[in-house]
Structures are given as C-alpha cells and as structure tokens.
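Inside the fold
Here's the letter readout for the chains.
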Amino acid sequence: MSKCEQCIVRQFSSLKALTKEELLKMADCKTSYTIKKGEPIFQEGEITKGVFCIKEGVCKLSKLSANGKDQIVKLVKPGELLGQRSMIIDEPANLSAIALEDMEVCFIPRTDVMGFFNNNNQFSMNMMKTICGDLKDADDHMVDMAQKTVKVRLAETLLYLENTFGKNDDGSLHLQLSREELAGIIGTATESCIRLLSEFNKTGLIKITGKKIFIEDRVKLKRMID
C-alpha cells in the first residue's frame with residue numbers, strides 16, 4: 001500500500017473518492033514539508049499552484065485588515081485540504097495560512113489535482129461540497145460577528161477549542177493560542193479579549209495559568225451561549 005492510501009487526509013477529505021491507481025499517482029507527484037510554528041504555508045496574494053494536505057498540526061487561515069489587525073477566518077486541522085478554491089478558479093489566495101504549531105504538510109500540484117477533478121466525478125463533487133461548506137461557514141461567521149456579543153463569541157470559541165483540539169494531560173486547552181490570536185478569532189481588540197478572559201477567570205468559568213487556559217465550568221459557558 002502507498003502512504004497516501006493510509007493517510008488521515010485521505011480518510012477525511014475529498015481524497016477518499018480517489019481510486020488506488022490515482023492514490024499511487026498522487027504519491028509520486030506530491031511533495032512533503034515540515035512547517036515550523038509561526039511559518040506560512042502560503043501568504044495572501046500568493047499563487048498556490050496546487051492544494052496542501054494537512055497531515056499533522058493546526059494552522060490559521062487569516063486576513064490582514066486595513067488597520068493591520070489579523071482577522072482569523074478559520075482554524076484548519078489534520079485531515080483537511082487547503083487552497084482548493086484558488087486552485088480551481090486559478091486566482092491568488094485571498095487568505096494567509098500560518099502554522100499554529102509544527103506541521104506536516106503535503107503539496108499536490110494543480111495539474112495532477114485537476115486531472116483527478118476532470119476524471120473522477122465523485123472526487124470533484126466532494127471537493128465542491130467542501131468549498132460550499134466553507135462558504136456556509138463564512139456566512140455563519142459573518143452573521144455571528146453582527147449578532148452575537150464578544151462575550152458570547154469568546155465562550156463559543158473556548159468550547160470549540162476544547163471540543164475540536166482536545167486537552168493536554170494537565171487539563172489545559174491543547175491548542176495554545178496567543179491573546180492576539182484569540183482576539184483575531186472573536187473579532188475584537190486584544191485588550192478587550194484580555195479583559196474578558198480576566199472576567200471569565202474571576203467568575204470561575206475558566207482558570208488561567210500563565211499562557212494556559214483551563215475550562216472550569218462548561219455548563220455556565222454553554223448557558224451563556226444559549
């Protein structure tokens with residue numbers, strides 16, 4: 001068996017529709033990279049020339065606003081693909097992808113992916129469903145920004161981080177984001193995010209130890225959202 005056949009990305013992404021022959025071809029044409037924490041996979045405005053498969057680690061998809069603030073649109077975890085939309089429409093990336101921890105990433109050139117796209121209907125349908133899902137998420141995110149308070153968005157984000165990325169052995173959130181990154185997710189100033197975290201800490205919703213965050217009262221956080 002080729003490594004591509006056993007890969008987590010294949011199980012959870014559009015790639016699950018590829019045949020054994022296509023997976024063997026992909027194994028021959030892909031390039032594997034190690035991306036260190038803080039390094040870009042690609043930058044906004046860059047021509048990606050293919051898709052990236054996230055094998056290990058987490059990255060943020062973000063856009064730099066006119067005032068220099070980093071608005072985080074999505075956190076991308078293992079098993080997901082990056083760069084599908086810009087590859088299909090052949091346009092530069094409209095977001096940057098930056099590693100939040102050390103990552104293992106594979107790159108598949110556009111010519112090879114488009115060959116699968118044109119010859120495998122289920123693969124192309126899966127990829128379009130993923131892109132449509134991303135559009136829906138973007139719509140939901142925009143509505144959340146307009147209708148929910150910053151406090152509710154922070155509560156949702158903390159629970160999302162625990163549910164999606166899990167906890168360390170000591171019970172702290174596994175994905176350790178900076179205060180700036182948390183602010184970038186919930187769409188507020190860093191100072192406001194720090195004040196809210198302090199408030200959550202004082203009222204026993206969370207516990208903060210240095211840079212680590214522990215969720216102490218999930219029930220109250222969920223009640224805040226509902």
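In the block above lies the structure referred to throughout.
All of the points below concern the structure found in this document. (Residues numbered from 1 in each chain as written. Predicted model: local features only at pLDDT ≥ 70, side-chain atom pairs only at ≥ 80, totals over all residues. Heavy atoms only, no water.)

1. With respect to empty space enclosed by the protein
Rolled over the atoms, a probe with the dimensions of a water molecule shows which regions are left empty. The following threshold applies: Using a 1 Å grid laid over the protein atoms alone, points where a 1.4 Å probe fits but cannot get out form a cavity; open sets with protein on both sides within 12 Å along at least 5 of 7 lines form a pocket; any residue with an atom within 4 Å of a point counts as lining. Grid points are joined across faces, edges and corners, and a volume is the space filled by probe spheres set on the points. Runs of E in the DSSP output that reach at least two residues are strands. Runs of H or I that reach at least four are helices, and both are numbered from the N terminus. Each residue gets one label: Ala, Val, Leu, Ile, Met, Phe, Trp, Tyr, Cys and Pro are nonpolar, Asp, Glu, Lys and Arg are charged, and the others, such as Gly, are polar.
One pass over the full model with this rule turns up two cavities of 30 Å³ or more. Along the walls of the largest cavity sit Cys4, Cys7, Val9, Arg10, Leu15, Met26, Lys30, Cys53, Lys55, Cys106 and Ile108, which together make up its complete lining. At the level of secondary structure, the elements contributing two or more residues to the lining of the largest cavity comprise helix H2 (8–12), strand S3 (50–56) and strand S8 (103–109). The class makeup of the residues in the lining of the largest cavity is eight nonpolar, no polar and three charged. Space inside the second largest cavity adds up to approximately 70 Å³. In terms of lining residues, the second largest cavity is bounded by Leu158, Leu161, Leu173, Leu175, Gln176, Leu177, Arg179, Leu182, Lys211, Lys212 and Ile213. Listing elements by their share of the lining of the second largest cavity, those giving two or more residues are helix H7 (150–165), helix H8 (179–186) and strand S10 (212–215). When the residues that make up the lining of the second largest cavity are grouped by side-chain class, the tally is seven nonpolar, one polar and three charged.

2. Digging into the packing of H7 against helix H10 (residues 218–225)
Using the following cut-off: Lines fitted to C-alpha atoms define the axes, with helix axes restricted to the stretch in contact, and inter-axis angles between N-to-C directions lie between 0 and 180 degrees. What sets the label is the angle itself: under 35 degrees gives roughly parallel, over 145 gives roughly antiparallel, 65 to 115 gives roughly perpendicular, and the rest give oblique. Crossing handedness follows the turn of the near helix against the far one: under a right angle anticlockwise gives a left-handed crossing, and clockwise gives a right-handed one. We call two residues in contact whenever any of their non-hydrogen atoms come within 4.5 Å of each other.
Remark: H7 packs on H10, axes separated minimally by 9 Å, with the N-to-C direction vectors making an angle of 130°. It follows that H7 is oblique to H10 by the angle criterion. Handedness of the H7/H10 crossing: left-handed. Between H7 and H10, the contacting residues are Lys151, Val152, Ala155, Glu156, Leu159 and Glu162 on the first element and Arg218, Leu221, Lys222, Met224 and Ile225 on the second.

3. Overview of H8
Stated precisely, the cut-off is as follows: Three labels apply to residues, based on accessible area from a 1.4 Å probe with only protein chains included: buried if under 20% of the type maximum, exposed if over 50%, partly exposed otherwise in between.
H8 sits mainly inside the fold: seven of its eight residues count as buried. Once H8 finishes, glycine 187 follows within two positions and takes phi at roughly 75°, a positive value.

4. Quick notes on the sheet that holds strand S4 (residues 59–64)
In plain terms, the rule: At least two bridges found by DSSP between two strands is the condition for calling them paired.
One open sheet accounts for four strands, arranged S2-S7-S4-S5; its pairing is antiparallel. Strand pairing shows two members of the sheet lacking a second neighbour, strand S2 (40–42) and strand S5 (70–76), which therefore form its edges. The mean angle between the axes of side-by-side strands here comes to 35°, regardless of whether they run parallel or antiparallel. Pairing analysis gives six bridges linking S4 to S5, with the strands arranged antiparallel. Bridging across to S5, leucine 61 finds its partner in lysine 74.

5. A closer look at the environment of leucine 221
Here leucine 221 shows up in helix H10. For leucine 221, a relative accessible area of 0% puts it in the buried group. Through-space distance from the C-alpha of leucine 221 to that of threonine 48 is 39 Å; in sequence the pair is 173 residues apart. The residues touching leucine 221, leaving out its near neighbours within four places in the chain, are Ala155, Leu159, Phe200, Leu205 and Ile215.

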